[in-house]
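Spelled out, the chains give:
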Amino acid sequence: MFAKLARTGLVIAAIGVAGCTDSSMKDFAPQANKPLPDKILASMKAKGMTRTSPVMARIFKEEGKLEIWKAKTNGRYDLVASYDICKWSGKLGPKYTEGDRQAPEGFYTVRPAQMNPRSSYHLAFNIGYPNAYDRANGRTGSHLMVHGACSSSGCYSMTDAQIEQIYAFGRDAFQGGQTEFQIQAFPFRMTAANMARYRKDPNYEFWKMLKVGYDNFEITKVPPKVDVCEKRYVFNQVAADGATFDPAGACPATTQPDSLKSAFNAYQSTYEAAFNGAVKASVPAPKPTIAGIKEASIVSEWSKKRARGERVPIDPPSFNADGSVTETARMGRIDSPAGRKMAALDAEKAAKQKAEEQRLAAIQAAKAEKEAAKAQALAEKEAAKAAAETPVVTATVASSEAAPAVETQAADAESTATRLKKRLLGMFGG
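None of the values given here were measured: they were computed from a predicted structure.

Let's talk about the overall build of the chain
Here's step 1: The number of helices and strands found in the chain is nine helices and 16 strands.
Here's step 2: Each of the 430 residues in the chain was classed as buried or not, and the buried ones make up 38%.
Here's step 3: The contacts in the chain between residues at least 6 apart in sequence include a share of 60% that link residues at least 24 apart.
Here's step 4: For the chain, the exposed area adds up to about 23,600 Å²; of that, 56% sits on carbon and sulfur atoms.

Put into structure tokens, the structure is as follows:
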């Protein structure tokens, strides 16, 4: 199957006849000339790869991984290195417009001229955004890189040690004659489980399109031939004689080897069964994704204000599902006359607000003090009244308590007299 694909031109081996020569590399910065570690070279040799064999890269945002794949002697590619992406900006989903701070998703091409050995981010290479698909769909942006320094505002940023190795893979492949290498950037691994998780996402149709290219690589382990027509990606298709792919025009008649069609259909049949099962299964919640051009536009406007040095929230705004916009309260730096003027106005407004708050607090305090004085005066009056009434109450209580005692004493005296009288009468017989 793969021999037939190669004969029909469906698979890009990407080995040119006039790649960069060693002399073109002489002026590169020292960090751009570092060789790959011996451990990686040994692993490549064990897998049937040479140091200068063709290379390609895959990026998975959600996992935060950048993978390097290299061609073996049989033409198929195998994974040779995987790196944790230090930082990538934005959310899951494609880049829409300049300033939206989205790291791109799609199929991109890197050529020798896109390699930057003297980048201010240690080392870098431009991934080739916007490509034909992006331009056909009116998407804008520039200078989207894979670079070092672990800092990103729309790029895929690695540590300096990581970018030295990643850069070396591309450099060595170009020295071996490869004229360009492919970068496949995905939101996540496009498994049935992940596609089921994001089936209700506004970016789902775009991701389904990317998945066709993803699946072609999974089946063949060779970077797919990528074209654009009708403003969409098409993969491993050969146009009829004399026909071309117009990114914005109608797709031409195309052919594809029966062996690839059969393999793809079998792959899809297995995938659909797994997808249907995943829909019913309990899965992790989806990660945040960009809400299309609407969110891209508000973030882009934030970026423009920030670039002008205006006082803006330190983090870009976020578009919510209900149409509202969330902004952080913490403000960013001020680095222009316009920004300083805005800061002065904000400070004046804050001072007025603080003065008003202090005035209202003083009024409230005075009111509270007056109420307290009034309460104290009332308490003192009640206390004086209580003090004046206390003796009367005591005497009355004492009198009322003494009466029973007097009556008791009188009764006792009367009883004693009666007993004495009875005794005398008994003695004298009267």
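Having seen it, we continue.
A few points about empty space enclosed by the protein
Here's step 1: Within the structure shown, the criterion is met by one cavity of 30 Å³ or more.
Here's step 2: Considered as a void within the structure, the largest cavity measures approximately 50 Å³ in volume.
Here's step 3: What lines the largest cavity is simply V55, M56, A57, I68, F125, I166, F169, G170 and F181.
Here's step 4: Contributing elements (two or more residues each) for the lining of the largest cavity: β1 (55-60) and α4 (160-175).
Here's step 5: Among the residues forming the lining of the largest cavity, the class breakdown is eight nonpolar, one polar and no charged.

Digging into the pattern of salt bridges
Here's step 1: Per the counting criterion, the structure on display carries 20 salt bridges.
Here's step 2: D172 is the partner of R51 in a salt bridge, and the nearest nitrogen-oxygen pair spans 3.0 Å. Of this pair, R51 sits in the loop between α2 (38-46) and β1 while D172 sits in helix α4; the two residues are 121 residues apart in sequence, bridging distant segments of the chain.
Here's step 3: The class for R51 is partly exposed, based on a relative accessible area of 40%.
Here's step 4: A salt bridge links E230 to R232, with the nearest nitrogen and oxygen atoms 3.5 Å apart.

Description of the environment of T326
Here's step 1: For T326, the location among the structural elements is in strand β16 (residues 325-326).
Here's step 2: Given the relative accessible area of 42%, T326 is considered partly exposed.
Here's step 3: With 10 residues separating them along the chain, T326 and P316 place their C-alpha atoms 9.1 Å apart.
Here's step 4: In this view, T326 contacts P317, S318 and N320; residues no more than four positions away in its chain are not counted.
Here's step 5: Here the side chain of T326 touches N320 through a polar contact of 2.8 Å, side chain to side chain.

Points about the pairing of β1
Here's step 1: The element β1 is extensively covered by neighbouring structure, given that six of its six residues are classed as buried.
Here's step 2: As paired strands, β1 and strand β2 (residues 65-71) are joined by six bridges and run antiparallel to one another. Bridge pairing in β2 links F60 to K65.
Here's step 3: Here β1 folds back onto β2, and the loop between the two strands holds four residues, one of which, G64, carries a positive phi near 70°.
Here's step 4: Alignment of β1 against strand β10 (residues 181-186), held across four bridges, turns out to be parallel. Its bridge partner being in β10, I59 is matched across the sheet by A185.

Side note on unusual backbone geometry
Here's step 1: Cis geometry marks the peptide bond from Y129 to P130; its omega dihedral reads 0°.
Here's step 2: Tracing the chain through its elements places P130 in the loop between β7 (124-126) and α3 (132-136).
Here's step 3: Phi at R101 takes a positive value of approximately 60°, unusual for a residue other than glycine.
Here's step 4: On the secondary structure map, R101 appears in the loop between β4 (87-88) and β5 (106-110).
Here's step 5: Here C150, not a glycine, exhibits a phi torsion of approximately 50°, which is positive.
Here's step 6: Classification of C150 by relative accessible area gives partly exposed; the value is 24%.

Structural notes on the confidence of the model for the chain
Here's step 1: Averaged over every residue, the pLDDT of the chain is 85; the share at 70 or more is 82%.
Here's step 2: For residues 1-26, every residue scores under 50 in pLDDT, and the model assigns this stretch 50 contacts once sequence neighbours within four places are set aside.
Here's step 3: In this model residues 393-403 is a low-confidence stretch, pLDDT under 50, and it forms zero contacts with partners more than four residues away in sequence or in other chains.

Structural notes on the sheet that holds strand β6 (residues 115-116)
Here's step 1: The strand order β4-β9-β8-β7-β6 describes an open sheet built from five strands, whose pairing is mixed. Only two strands of the sheet have a single partner each, and these edge strands are β4 and β6.
Here's step 2: Pairing analysis gives two bridges linking β4 to strand β9 (residues 156-157), with the strands arranged antiparallel. Paired with K87 across the strands is S157, a residue of β9.

The rules behind these values
Residues numbered from 1 in each chain as written. Predicted model: local features only at pLDDT ≥ 70, side-chain atom pairs only at ≥ 80, totals over all residues. Heavy atoms only, no water. Helix = DSSP H or I, 4+ residues; strand = E, 2+ residues; numbered from the N terminus. Buried < 20%, exposed > 50% of the residue type's maximum accessible area, 1.4 Å probe, protein only. Contact = heavy atoms within 4.5 Å. Areas by Shrake-Rupley, 256 points an atom, 1.4 Å probe, with all protein chains shown as cover. 1 Å grid on protein atoms, 1.4 Å probe; cavity = no way out; pocket = protein on both sides within 12 Å on 5 of 7 lines; lining within 4 Å. Points joined across faces, edges and corners; volume = space filled by probe spheres on them. Nonpolar A, V, L, I, M, F, W, Y, C, P; charged D, E, K, R; others polar. Salt bridge = Lys/Arg side-chain N within 4 Å of Asp/Glu carboxyl O. Polar contact = N/O pair within 3.5 Å; in protein donor to acceptor, adjacent residues only side chain to side chain. Pairing = 2+ DSSP bridges. pLDDT = per-residue confidence, 0-100.

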